[in-house]
Amino acid sequence: MALDAIAWRYRFAPWRRKFQGELTEGQLGPVKVLLLKPMTFMNLSGQSVGEAMRFFKIGIGDIVVFHDELDLVPGRLRVKPGGGVAGHNGLKSLDAHLGSRDFKRVRIGIGHPGHKDRVTGHVLSDFHKSEAGWLEAILDGIAEAAPLLALGDDAGFMNKVALDVQAATKPA
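What counts and how
- Residues numbered from 1 in each chain as written.
- Predicted model: local features only at pLDDT ≥ 70, side-chain atom pairs only at ≥ 80, totals over all residues.
- Heavy atoms only, no water.
- Phe/Tyr/Trp six-rings, centres within 6.5 Å; stacked < 30°, edge-to-face > 60°.
- Helix = DSSP H or I, 4+ residues; strand = E, 2+ residues; numbered from the N terminus.
- Buried < 20%, exposed > 50% of the residue type's maximum accessible area, 1.4 Å probe, protein only.
- Core = buried A, V, L, I, M, F, W, Y, C linked by side-chain atoms within 4.5 Å.

## Here we look at the packing of aromatic side chains
Logical step 1: Evaluation of the coordinates by the stated rule reveals 3 aromatic pairs.
Logical step 2: With a centroid separation of 5.4 Å and 55° between ring planes, the pair formed by Phe-19 and Phe-55 is classed as tilted. Taken as a pair, Phe-19 in the loop between strand 1 (16–18) and strand 2 (21–28) and Phe-55 in helix 2 (residues 45–56) lie far apart in primary sequence, 36 residues in all.
Logical step 3: Judged by relative accessible area, Phe-19 falls into the buried class, the value being 10%.
Logical step 4: Between Phe-19 and Phe-56 the ring centres are 5.6 Å apart and the planes differ by 65°, which places this aromatic pair in the edge-to-face class. A residue pair is termed long-range when its members are at least 10 positions apart, and Phe-19 in the loop between strand 1 and strand 2 and Phe-56 in helix 2 qualify at 37 residues.

Right, here's the structure in full:
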């Protein structure tokens, strides 16, 4: 959803099928960017990203992965270079197929359902209508601030998104 918001905001080329996923390209400020949405199962997403990485000769430090994060409250976002996989099957696949965990992660909070037995259903289900406010706000914020992320200004990116979410979800 975040990649769709970025591609739409900056009028990227139409999505095309490639590398077991959907790929588009465009500019975020002065930076040429490729966006890839793996169309494999989430726990095999590393196959898609690995193929594209090798084809375009992209260094691990130039890869940014957007993913859901149970340990962040809904509407919060953190950027983190490298790190563990914390049981996230998509991150495990990326680690296996990229040969490194040193890619940048944009962790988008979806909150924890409260009990570990409910985690699978929580991460695989669609968002509830009651979550539309924060979800729309964070996706808009991500799209608006994406050029900062492309330039490597992680702190500026996080700050801009947080301010946009706060402004959009502030009670009237």
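## Quick notes on the nonpolar core
Logical step 1: Counting residues in each nonpolar core, the largest one holds 26 residues, and the members touching the most others are Ile-6, Leu-77, Ile-138, Ile-142, Phe-157 and Val-161.
Logical step 2: Going through the elements one at a time, helix 1 (2–9), strand 3 (31–38), strand 5 (77–81), strand 6 (104–109), helix 5 (132–150) and helix 6 (154–169) are the ones with two or more residues in this core.
Logical step 3: Counting residues per element, this core draws most heavily on helix 5, at 10 residues.
Logical step 4: Counting 13 residues, the second largest nonpolar core, distinct from the first, contains Val-85, Leu-91, Leu-98 and Phe-103.

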